[in-house]
Amino acid sequence: MGFRVIKTAIAALMAVLIADWCRLPGPTSAGLLAILGVDVTRKRSIRTISARFFASVVGLLFASVLFHFLGFHYWVLAVYILTAFPVIVRVGFKEGIVTGSVVVFRVFSGGEMDVHVILVQIALLLIGLGSAMVVNLAYMPAADPQMFRIRKRIDELFSKIFREFATTLRNPNEVWSGKELIEADKAVLGGIEAAKRSLENQVIHPNEGWSVYFYMRKTQLDSIQHMMHLVSQVYQKMPHAEMVAELFDQLSQDVLTESYTGRTEKLLADVQEEFRQMELPDTREEFEMRSAILQLCRELSMYLKIAKKDKAPSPISERSQSVNES
């Protein structure tokens with residue numbers, strides 16, 4: 001049973017009890033409105049509940065005019081839909097059309113429309129949607145544990161990818177399926193969505209640290225895909241490839257640490273300096289492979305710069321844990 005189901009049950013029970021205590025007719029209607037009002041995040045809850053309340057008020061105004069002049073006939077409901085729905089959408093309360101329709105159809109079933117009926121319906125709206133608002137704002141499950149798990153998964157996949165790069169550079173005949181890239185992409189997208197939900201739950205002083213982290217990983221993943229293409233162009237064993245393989249060995253360890261170590265960056269600078277002192281290639285094949293390796297080093301440098309630029313603020317949570325940057 002999901003947490004949202006539990007919240008819905010609490011909100012519905014609260015609304016019914018309050019409506020019954022106020023001796024309003026049809027207290028179960030308040031429970032139904034509470035069910036419609038429960039949402040997944042705090043900010044979204046505020047937006048949707050506001051839209052549902054005001055859409056219902058607009059719908060009641062339209063219904064009061066139509067029922068007064070045209071009577072309580074089934075075809076009048078069609079007229080209501082044709083006239084009220086466009087207005088509700090135009091004034092920006094589209095999310096409340098269903099809730100407003102529930103209220104209007106309930107009034108239609110009663111066969112009576114006057115000021116007292118309108119006030120009763122508004123009271124039920126306030127109690128039902130208000131109960132949903134209270135439950136939504138009172139507690140939302142912490143998102144940090146979930147995002148820590150996603151982060152760990154992404155880091156492990158990145159580490160595996162870098163180890164595969166090192167293996168392929170040392171042995172071009174090595175076959176790699178590349179499934180970790182697909183899994184990493186799914187994990188990063190999942191992390192981005194989780195970070196968005198977390199921000200939606202932070203009404204005051206939102207912390208965008210997780211969004212920065214997962215978007216950084218998304219950008220780095222694009223860089224990794226380019227690096228994979230360059231690695232595939234090194235089809236023979238050569239000393240330059242062995243040196244770059246050591247870079248990826250180091251990076252596969254650095255990516256698992258909780259802070260930017262700078263070790264890979266320093267090693268990369270040493271490798272690039274050593275490349276400058278080497279003799280020029282003798283054959284076209286060697287030239288092409290060394291060119292690919294040089295581009296690979298540049299792409300790796302960009303990968304590391306992304307990590308340094310998008311360093312997330314620490315602490316990112318109450319446990320004072322910072323995001324990975326390598």
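Preceding this section is the structure that the text describes.
Quick look at the structure, then. (Residues numbered from 1 in each chain as written. Predicted model: local features only at pLDDT ≥ 70, side-chain atom pairs only at ≥ 80, totals over all residues. Heavy atoms only, no water.)

## A look at the packing of helix H2 (residues 27–37) against helix H6 (residues 115–138)
Direction vectors running N to C along H2 and H6 enclose 40°, while the axes themselves pass 7 Å from each other. Classed by the angle they form, the pair H2 and H6 counts as oblique. Considering the relative orientation of H2 and H6, their crossing is right-handed. Here H2 contributes Ser 29, Ala 30, Leu 33, Ala 34 and Gly 37 to the contact with H6, which in turn contributes Leu 124, Leu 125, Ile 127, Gly 128, Leu 129, Ala 132 and Asn 136. (Axes fitted to C-alpha atoms, helices over the stretch in contact; angles between N-to-C directions. Helix = DSSP H or I, 4+ residues; strand = E, 2+ residues; numbered from the N terminus. Parallel < 35°, antiparallel > 145°, perpendicular 65-115°, else oblique. Left-handed = near helix turned anticlockwise from the far one by under 90°. Contact = heavy atoms within 4.5 Å.)

## Brief notes about the pattern of salt bridges
Enumeration over the complete set of coordinates arrives at 8 salt bridges. Notably, a salt bridge pairs Asp 270 with Lys 266, separated by 3.6 Å at the nearest N-O pair. One end of the pair is Asp 270 and the other is Lys 266, both in helix H11 (residues 263–277) and 4 residues apart, which spans about a single turn. We classify Lys 266 as exposed; its relative accessible area is 56%. Several salt bridges converge on common partners, so that one network encompasses Arg 170, Glu 242 and Asp 249. (Salt bridge = Lys/Arg side-chain N within 4 Å of Asp/Glu carboxyl O. Buried < 20%, exposed > 50% of the residue type's maximum accessible area, 1.4 Å probe, protein only.)

## Here's the deal with the nonpolar core
Within the largest apolar cluster, 52 residues are counted, with the highest numbers of intra-cluster contacts made by Phe 248 and Tyr 303. For this core, the secondary-structure elements that each account for two or more residues are helix H7 (144–170), helix H8 (179–200), helix H9 (209–231), helix H10 (239–254), H11 and helix H12 (284–309). The element contributing the most residues to this core is H7, with 11 residues. Counting residues in each nonpolar core, the second largest holds 37 residues, with Ala 15, Ala 84, Leu 124 and Met 133 among its members. (Core = buried A, V, L, I, M, F, W, Y, C linked by side-chain atoms within 4.5 Å.)

## Details of unusual backbone geometry
Residue Arg 23 is not a glycine yet carries a positive backbone phi of 55°. You can see Arg 23 is positioned in the loop between helix H1 (3–21) and H2.

## Some thoughts on the packing of aromatic side chains
Taken as a whole and judged by the stated rule, the model has 14 aromatic pairs. Pairing Phe 53 with Phe 54 gives two aromatic rings, centres 5.3 Å apart and planes at 80°, and the pair type is edge-to-face. The exposure class assigned to Phe 54 is partly exposed, which follows from its relative accessible area of 41%. A ring pair is formed by Tyr 80 and Phe 85, whose centres lie 6.0 Å apart and whose planes are at 80°; its orientation type is edge-to-face. Note on Phe 85: relative accessible area 22%, which makes it partly exposed. (Phe/Tyr/Trp six-rings, centres within 6.5 Å; stacked < 30°, edge-to-face > 60°.)

## Here's the deal with the side chain of Ser 159
Within the fold, Ser 159 resides in helix H7. On the accessibility criterion, Ser 159 (2% relative accessible area) is buried. A polar contact of 2.7 Å, which involves the side chain of Ser 159, links it to the backbone oxygen of Ser 252. The residues touching Ser 159, leaving out its near neighbours within four places in the chain, are Ser 252, Val 255 and Leu 256. (Polar contact = N/O pair within 3.5 Å; in protein donor to acceptor, adjacent residues only side chain to side chain.)

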